[in-house]
Amino acid sequence: NTLVTPNGISVVNNHHGIFLYPNPTSDYLKIKVSDLKANEHVQLTLFTLNGQILSSHDIRTSEEMMDVSSLKPGLYFIQIQDGGVSTMEKFIKE
């Protein structure tokens, strides 16, 4: 499953086994990357529905909490990028 984002990035849907919960959420989003190997780090990017990048940083653990309380209600995307492979999942902010 390949998805092309609004900013033209082609991604493979859930290659990394990304799980976002609770979804929908109003304050914190737990991000679990099920197949992140020891000593591996990947880039996590938060996008709006229009493709605007809101934040981007490296993650080195298989679970991360993201504070989304300041986001406006709506649909957002989390992209995990490992070298040339990108995976994207969506979540709803209430």
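Caption draft 1: Layout of the packing of aromatic side chains. According to the stated counting rule, one finds 1 aromatic pair in the structure shown. Here Y76 and F91 contribute two aromatic rings whose centre-to-centre distance is 5.6 Å and whose plane-to-plane angle is 25°, an arrangement assigned as stacked. A residue pair is termed long-range when its members are at least 10 positions apart, and Y76 in strand β8 (residues 74–82) and F91 in strand β9 (residues 85–93) qualify at 15 residues. Here Y76 and F91 have matching classes, each one buried.

Caption draft 2: Main features of the pairing of strand β4 (residues 28–33). What you see with β4 is a clean split: L29, I31 and V33 sit on the buried side and Y28, K30 and K32 on the side with no burial. By the bridge criterion, 4 bridges tie strand β3 (residues 18–21) to β4 in an arrangement that is antiparallel. Bridging from a neighbouring strand, Y21 pairs with K30 of β4. What sits between the antiparallel neighbours β3 and β4 is a turn of 6 residues. Of the strand pairs in this sheet, β4 and strand β7 (residues 63–67) are connected by 5 bridges, and their pairing is antiparallel. Bridge pairing in β7 links K32 to E63.

Caption draft 3: Inspection of a nonpolar patch on the surface at higher detail. Taken together, the side chains of L49, L75 and I92 present a nonpolar region at the surface, about 230 Å² in accessible area. Tracing the backbone shows I92 in strand β9.

Caption draft 4: Seen up close, the nonpolar core. With 17 residues, the main nonpolar core has I31, I78, I80 and F91 as its most contacted residues. Elements with a contribution of two residues or more to this core: β3, β4, β5 (42–48) and β8. Discounting chain neighbours no more than four positions away, the residues touching I31 are I18, F19, L20, L44, S62, E63, E64, M66 and I78.

Scoring rules and cut-offs
- Residues numbered from 1 in each chain as written.
- Predicted model: local features only at pLDDT ≥ 70, side-chain atom pairs only at ≥ 80, totals over all residues.
- Heavy atoms only, no water.
- Phe/Tyr/Trp six-rings, centres within 6.5 Å; stacked < 30°, edge-to-face > 60°.
- Helix = DSSP H or I, 4+ residues; strand = E, 2+ residues; numbered from the N terminus.
- Buried < 20%, exposed > 50% of the residue type's maximum accessible area, 1.4 Å probe, protein only.
- Pairing = 2+ DSSP bridges.
- Patch = residues over 30% accessible without salt bridge, like charges linked within 9 Å, V, L, I, M, F, W, Y side chains within 5 Å.
- Areas by Shrake-Rupley, 256 points an atom, 1.4 Å probe, with all protein chains shown as cover.
- Salt bridge = Lys/Arg side-chain N within 4 Å of Asp/Glu carboxyl O.
- Core = buried A, V, L, I, M, F, W, Y, C linked by side-chain atoms within 4.5 Å.
- Contact = heavy atoms within 4.5 Å.

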